[in-house]
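So you can see what is in the structure, the chains are spelled out below.
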Amino acid sequence: MPKYASDLPIILTDVGIVAGTVSILDALSLSIEKGTPTALIGPNGSGKTTLLRAAMGLIAISRGRITWGGQDLLPPTRRAILLQRPVMLRRSVAGNIRYALASAGITFAKRDERIVELLKLVGLEGYEHRPARRLSGGEQQRLALARALARNPAVLFLDEPTASLDPYATKAIEDIVTAIAVRGVKVVMSTHDLSQAKRLAGNIVLMHRGRLIETGPATGFFAAPRSEEGRKFLAGELLV
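Residues numbered from 1 in each chain as written. Predicted model: local features only at pLDDT ≥ 70, side-chain atom pairs only at ≥ 80, totals over all residues. Heavy atoms only, no water.

Per the stated rule, a full pass over the model turns up seven salt bridges. For aspartate 112, the salt bridge goes to arginine 98, with nearest N and O atoms at 3.0 Å. One end of the pair, aspartate 112, is in helix α3 (residues 108–121); the other, arginine 98, is in helix α2 (residues 93–103), with 14 residues separating them in the sequence. Classification of aspartate 112 by relative accessible area gives partly exposed; the value is 48%. Residue lysine 171 pairs with aspartate 175 through a salt bridge whose shortest N-O separation is 2.9 Å. (Salt bridge = Lys/Arg side-chain N within 4 Å of Asp/Glu carboxyl O. Helix = DSSP H or I, 4+ residues; strand = E, 2+ residues; numbered from the N terminus. Buried < 20%, exposed > 50% of the residue type's maximum accessible area, 1.4 Å probe, protein only.)

Structure below.
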């Protein structure tokens, strides 16, 4: 996989998303820089998934601006997203990846080589001919990661990538995240697991009620959060 340095930073300026009378994101300004993974944390309903979908271009913003490397009209060709419950196509493991490669415009001659590379990266060598829908939950999540990586994204968004997975499957996903981050892909992930955020993230974004509460290096946040909400969240208190 090639290394990337373009399309960053992602800058959200005064971004708001309103559904009816409900404000899902509220005047959110944030800069996502290249480097180590960024973890979005916060209670359920804080807007983490909405932020990921908006940055991906899947939902329109009501106000504000989102730019990629200083531009705001880029098609989403160098970004990819892994949703919390990915759907497996009624095909083999290799067939799922082959479909993603075709959608990404990878030439027919290069697809078999890329399938081998991606299966090795996600630890599914030897699974090529297995029906994707018969894989375990953790294996399906790894296959979904391979599909997301098929287009060689500069930025990969992950929405709760290990939700409902057992510790073994969680460890496998985290190892993949670490590997692709080392290769230069910017990972932005939402997680409800603070221990996971500690293990993986270089930067933390704490959200609550659609607002940005606090952002900064993970080591500083976990050692001494600057906000009252951050202190409560780390202490296990409910944010209301």
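Reading across from one edge, β2-β1-β4 is the order of the three strands in this open sheet, with antiparallel pairing throughout. Each of the sheet's edge strands pairs with one partner strand only, and the pair in question is β2 (22–32) and β4 (63–68). Pairs of neighbouring strands in the sheet enclose a mean axial angle of 20°, with direction left out of account. Here strand β1 (residues 10–19) pairs with β4 via five bridges, running antiparallel. Residue isoleucine 10 lies in a different strand from β4, and its bridge partner there is tryptophan 68. Across the sheet, helix α1 (residues 48–56) is in contact with β1, β2 and β4; its angle to β2 comes to roughly 65°. (Pairing = 2+ DSSP bridges. Axes fitted to C-alpha atoms, helices over the stretch in contact; angles between N-to-C directions. Contact = heavy atoms within 4.5 Å.)

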